[in-house]
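Chain residues, written in single-letter form:
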Amino acid sequence: MRKYYLGPEPSHEVPFKKLLAISHYIMPNFATLEWDRVSREQVDENLRSLQDPGGALNDELMMYIHVPYCQSFCHYCNFNKNHYPWQDEERLQRYTDYLIKEIDYYLSLPYVQARRFTAIYIGGGSPSTLPVSAVERLFGHMAKAVPGFDTIEKTFTGEPRTLRKPDLLKVIHDYGFDRVTFGIETLNPEIHKQIGRWDSRSDVDAVFEGLQKLGYKGDRCVDLMYDLPGQSLVGFQEELATLVEHYRPDEIDAFGTVYLPYRPLHKLILDGRVPQPGSIWQLLRMREHLYDYLLENGYHNTIAETYSRKPQRSMYQTAHCARQDIIGIGCAARSNIKDMVSINPDKVDVWMNNIDQYGVSTQTLQSIGRGGVLDRIMVMFPRYKELSKELLDRYSDVEHFEQVEDVLRSHIEVGCVEEQEDRYVVNKLGVIWHGNLQTDYMERSLNLQGKVLLKVISEKESDFDREERFKVNTATRFIAKHIDKYPKLMK
Ligand SMILES: C[S@@+](CC[C@H](N)C(=O)[O-])C[C@H]1O[C@@H](n2cnc3c(N)ncnc32)[C@H](O)[C@@H]1O
Ligand code: SF4
């Protein structure tokens, strides 16, 4: 395989003027829309339009269910989550009651009834913090209410400490969940402590062993992070080898660490209490090593950050890739319905109050038009690596279609994208630089918050050797001042 940053004679390719140090799967959530602008009347009208089964962009639909609780907070994490209410089982049971109410609202809509379900994804936070009886109640309800529940792909997310409960694993297995996903992040105990994780190797072992004892045949998916504080290339290479040889996970989601300004991990680094991560050249080498090592060891790079033993993407990933409809259930969950998008309220109380008052929590459901849908397909293309020409052509009537084509052509010219007969495909160099490819499609529609964040996460080639990655400057101060405009995110 061609070497760009590793081996005896790397080419050191720098296809763009700057490296976008993080990928933007999180940014379309807030960086291109003023979410609070839409009126209640407009939301109600948009919801009423779902009484009509027509107007779909495609026939398939998936359901994402968010559970925003964790036993403790990891320093790096910016997902929507709340402190796990210790010994307050009643609150977690109540959260589950409202999940069921919101699921039932959507299932009663003619628009939803006319679509075909492809997947259910229960994510977080850490849904494994729910009492086992609540999980059982939720699954039991969905098994009766969701069409095709027995055959569609079903994913459950946990943190190792709570996921390991044998009775929880049994319920997951009994209801036919075929994907279990949880965070390992690093196998280096020192770094593990520095990023604020409280689980241990024995928790991780217990999850793998518990699933094996049950005869679970589904996918065991783990999250791994790289470019972590104080992490060296050799250290990362050793961790990856141990992960693959010791646990042989079916899927590895490998995330380059996102150091969001003024979130806890960034502050700890600025205060000198946690070491800086390595240089940008090292980051590029880590990305290349992930790609080469995992492909040599039986994995397929199904989407930019995902390596799977199966050659095909999961249904969950395909749903985002083809921009299928997604119904977001729970606090802070995101929906794509027709040409509309929404994010549910991120505070549990507001989410529940809205369900009591309107039957459904969204207060942001709004149309982004076909132009907006095209932009989102294109922003996600570098992550999903494939774009069918047929899908792209369906949007040729959009006003800025030619601009989009120009960007695509420029990515072919710099050697990150290849044109095939029926599709465009992102190659290895494009995977390594996929944050840049995404940014090029997003840049025209970014709002002020998005533009400032882009500045903070862009690294000039002249700085690729810099040892100190994070400093305070005007842009980071702007983010600190407007931190409420940088909302908590979900996957
Ligand atoms: C919902 S959690 C995974 C499940 C469970 N809560 C756990 O931590 O074990 C989401 C995953 O996103 C990744 N993630 C979260 N914040 C991140 C950040 N700032 N940079 C990179 N990856 C991040 C981590 O790999 C984390 O495991
Ligand atoms: S990484 Fe997982 S366990 Fe840690 S705070 Fe985020 S969602 Fe919770």
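About the thresholds
- Residues numbered from 1 in each chain as written.
- Chains lettered and ligands numbered in written order.
- Predicted model: local features only at pLDDT ≥ 70, side-chain atom pairs only at ≥ 80, totals over all residues.
- Helix = DSSP H or I, 4+ residues; strand = E, 2+ residues; numbered from the N terminus.
- Rg over C-alpha atoms; globule rule 2.2 N^0.38 Å.
- Buried ≥ 20, exposed ≤ 12 C-beta atoms within 10 Å, placed from the backbone.
- Contact = placed C-beta atoms within 7 Å.
- Near = placed C-beta within 6 Å.
- Nonpolar A, V, L, I, M, F, W, Y, C, P; charged D, E, K, R; others polar.
- Pairing = 2+ DSSP bridges.
- Core = buried A, V, L, I, M, F, W, Y, C linked by C-beta atoms within 7 Å.
- Domains from an automatic or database assignment.
- Axes fitted to C-alpha atoms, helices over the stretch in contact; angles between N-to-C directions.
- Parallel < 35°, antiparallel > 145°, perpendicular 65-115°, else oblique.
- Left-handed = near helix turned anticlockwise from the far one by under 90°.
- Expected span 1.5 Å × (residues − 1).
- Arc of directions from axis to C-beta.
- Right-handed = clockwise from strand over helix to strand, strands pointing away.

Caption draft 1: A look at the overall build of the chain. Summing up its helical and strand segments, the chain has 20 helices and 19 strands in all. For the chain, the C-alpha radius of gyration of 22 Å lies close to 23 Å, the compact-globule estimate for 491 residues. If you line up the chain on its principal axes, its C-alpha atoms span 60 × 55 × 45 Å. Evaluated residue by residue, the chain yields a buried proportion of 44% over its 491 residues. Counting only contacts in the chain whose residues sit at least 6 apart along the sequence, the fraction spanning at least 24 positions is 79%.

Caption draft 2: Representation of the site of ligand 1. Taken together, 18 residues sit near ligand 1, with Glu159, Gly183, Asp223, Phe255 and Val258 positioned nearest. Broken down by element, the shell around ligand 1 gets its largest block of residues, three residues, from strand 7 (residues 179-185). Split by residue class, the shell around ligand 1 holds eight nonpolar, seven polar and three charged.

Caption draft 3: Spotlight on the pairing of strand 10 (residues 300-303). Bridge count for strand 10 against strand 11 (residues 306-308) is three bridges, and the pairing is antiparallel. Looking across to strand 11, one finds that Asn301 is bridged to Tyr307.

Caption draft 4: Geometry of the nonpolar core. Formed by 121 residues in total, the largest nonpolar core has its most connected members in Met62, Tyr64, Ile65, Ile120, Leu224, Tyr226 and Ile329. The residues that make up this core include at least three from each of domain 1 (13-33 + 370-482) and domain 2 (35-320). Among residues more than four places away in sequence, those in contact with Tyr226 are Gln231, Phe236, Ala254, Gly256, Met286 and Leu290.

Caption draft 5: View of the packing of helix 19 (residues 448-457) against helix 20 (residues 474-481). Across the interface, helix 19 lies against helix 20 with an axial gap of 9 Å and an inter-helix angle of 135°. For the element pair helix 19 / helix 20, the angle class is oblique. Between helix 19 and helix 20 lies a crossing whose hand is left-handed. Contacts between helix 19 and helix 20 involve Val452, Leu453, Lys455 and Val456 on the former and, on the latter, Ala475, Thr476, Phe478 and Ile479.

Caption draft 6: Highlighting helix 18 (residues 434-442). Burial analysis of helix 18 places eight of its nine residues in the buried class, which makes it a mostly covered element. For helix 18, the complete set of buried residues consists of His434, Gly435, Asn436, Leu437, Gln438, Thr439, Tyr441 and Met442. Packed against the buried residues of helix 18 are strand 1 (18-20), helix 14 (369-384), helix 16 (401-413), strand 18 (423-426), helix 17 (428-432) and helix 19.

Caption draft 7: Layout of the site of ligand 2. Residues in contact with ligand 2 amount to 11 residues; listed here are only the nearest, Cys70, Phe73, Cys74, Cys77 and Glu159. Classifying every residue of the shell around ligand 2 by side-chain character gives five nonpolar, four polar and two charged.

Caption draft 8: Focus on the domain arrangement of the chain. Each assigned domain of the chain is listed with its residue range as follows: domain 1 (13-33 + 370-482) and domain 2 (35-320). Centre-to-centre separation of domain 1 and domain 2, based on C-alpha positions: 23 Å. Counting residues at the interface gives 30 residues for domain 1 and 26 residues for domain 2. With five residues, helix 14 is the single largest residue contributor to the side of domain 1 that touches domain 2. Taken together, the residues of the side of domain 1 that touches domain 2 break down into 17 nonpolar, three polar and 10 charged.

Caption draft 9: Geometry of helix 9 (residues 233-247). Between its first and last C-alpha, helix 9 extends 21 Å over 15 residues, near the 21 Å set by a 1.5 Å rise per residue. Listing the buried residues of helix 9 in full gives Phe236, Glu239, Leu240 and Leu243. For helix 9, the angular spread of buried residues about the axis comes to 95°, placing them on one side. Those residues of helix 9 that are exposed and aimed more than 90 degrees away from the buried face are Val234, Thr242 and Glu245.

Caption draft 10: Quick look at the pairing of strand 8 (residues 219-226). As defined by bridge partners, strand 7 adjoins strand 8 across six bridges and the pair is classed as parallel. Across the sheet, the residue bridging to Val180 is Arg220, located in strand 8. Looking at chain direction, strand 8 and strand 9 (residues 251-256) are connected through six bridges and run parallel. Each residue of the ladder has a partner; that of Tyr226, found in strand 9, is Gly256. In the classification by handedness, the crossover that spans strand 8, the intervening helix 9 and the parallel strand 9 is right-handed.

Caption draft 11: Quick peek at the sheet that holds strand 16 (residues 386-388). Pairing in this open sheet of three strands is antiparallel, and the strands run 16-18-17 from one edge to the other. The strands lining the two open edges of the sheet, one partner per strand, are strand 16 and strand 17 (417-419). For this sheet, the mean inter-axis angle between neighbouring strands, taken without regard to orientation, is 15°. Across three bridges, strand 16 lies against strand 18 in antiparallel orientation. Within strand 18, the position partnered with Ser388 by the bridge is Arg423.

Caption draft 12: Summary view of the packing of helix 2 (residues 89-107) against helix 13 (residues 348-358). Closest axis-to-axis distance for the helix 2/helix 13 pair is 10 Å, and the angle between their directions is 45°. As judged from the angle between their axes, helix 2 and helix 13 are oblique. When you trace helix 2 past helix 13, the crossing you get is left-handed. Along the contact surface, helix 2 presents Tyr95, Tyr98, Lys101 and Glu102, while helix 13 presents Val348, Met352 and Ile355. Across the contact of helix 2 with helix 13, the residue classes tally to five nonpolar, no polar and two charged.

Caption draft 13: Main features of the environment of Tyr384. Relative to the elements of secondary structure, Tyr384 occurs in helix 14. C-alpha separation for the pair Tyr384 and Val426, spaced 42 residues apart in sequence, amounts to 8.4 Å.

Caption draft 14: Broad picture of the environment of Arg273. Here Arg273 is to be found in the loop between helix 10 (264-270) and helix 11 (280-296). Measuring from C-alpha to C-alpha, the distance between Arg273 and Gln194 comes to 8.8 Å, with 79 residues separating the pair along the chain.

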